[in-house]
Amino acid sequence: MSVDDSEVKHALRDTGAKADKRLTLDDAMQAVVGMWEPERVYQQIDHGKEEPVYLAVWQAADGSRHVKAAINVNYRTKDKDASGKRYTLQTNTLLTLGYVDLRDLDNPQLYKRIL
């Protein structure tokens, strides 16, 4: 699993229009456990086609909300080795991390529940 530091910064944001969606530090620290042992898993659907994007969902530390991690599986990107030579890297990468209302995921045109 790869994670870009900009996604972590975004999840922990403290300013802007969506500051109320900011993850608590407790929920951010549980993200690895939540992604490894989610309560629910959904696959994203786009125009009837299953996408390689999965949502791992688990209960937040406060018990009143749920956290979601959107993960792009088999994502390909370019990287450089120690000598500077570019190569293709295939990884599962975290797209976003935040709170979700479970009712929003109950839409078969957008999500397919698989766990």
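What you are looking at is a predicted structure, and each value in this text was computed from that prediction instead of being measured. (Residues numbered from 1 in each chain as written. Predicted model: local features only at pLDDT ≥ 70, side-chain atom pairs only at ≥ 80, totals over all residues. Heavy atoms only, no water.)

### Description of the overall build of the protein chain
Here's step 1: Summing up its helical and strand segments, the protein chain has 4 helices and 5 strands in all.
Here's step 2: Ordering the α and β elements of the protein chain from the N terminus gives α-α-α-β-β-β-β-α-β.
Here's step 3: The buried share of the protein chain, taken over its 115 residues, is 28%.
Here's step 4: For the protein chain, the proportion of contacts with a sequence separation of at least 24, taken over those separated by at least 6, is 49%.
Here's step 5: Carbon together with sulfur atoms contributes 49% to the accessible area of the protein chain, which is approximately 7,900 Å² in total. (Helix = DSSP H or I, 4+ residues; strand = E, 2+ residues; numbered from the N terminus. Buried < 20%, exposed > 50% of the residue type's maximum accessible area, 1.4 Å probe, protein only. Contact = heavy atoms within 4.5 Å. Areas by Shrake-Rupley, 256 points an atom, 1.4 Å probe, with all protein chains shown as cover.)

### Brief notes about the nonpolar core
Here's step 1: In terms of nonpolar packing, the biggest core is built from 12 residues, these being Leu-23, Ala-31, Met-35, Ala-56, Trp-58, Ala-60, Val-67, Ala-69, Ile-71, Leu-94, Leu-97 and Tyr-99.
Here's step 2: Taken together, the elements giving at least two residues each to this core come down to helix H3 (31–36), strand E2 (49–59), strand E3 (66–80) and strand E4 (86–100).
Here's step 3: Setting aside anything within four residues of it in sequence, one finds Ala-31 in contact with Trp-58 and Leu-97.
Here's step 4: Within the second largest apolar cluster, 6 residues are counted, among which are Tyr-42, Val-57, Val-100 and Leu-105. (Core = buried A, V, L, I, M, F, W, Y, C linked by side-chain atoms within 4.5 Å.)

### Examining unusual backbone geometry
Here's step 1: Residues other than glycine seldom take positive phi values, yet His-47 does so here, at roughly 50 degrees.
Here's step 2: Under the relative-accessibility criterion, His-47 is labelled exposed at 78%.

### Quick look at the environment of Leu-23
Here's step 1: Structurally, the position occupied by Leu-23 is in the loop between helix H1 (5–11) and helix H2 (25–29).
Here's step 2: In sequence terms Leu-23 and Val-67 are 44 residues apart; their C-alpha atoms lie 8.3 Å from each other.

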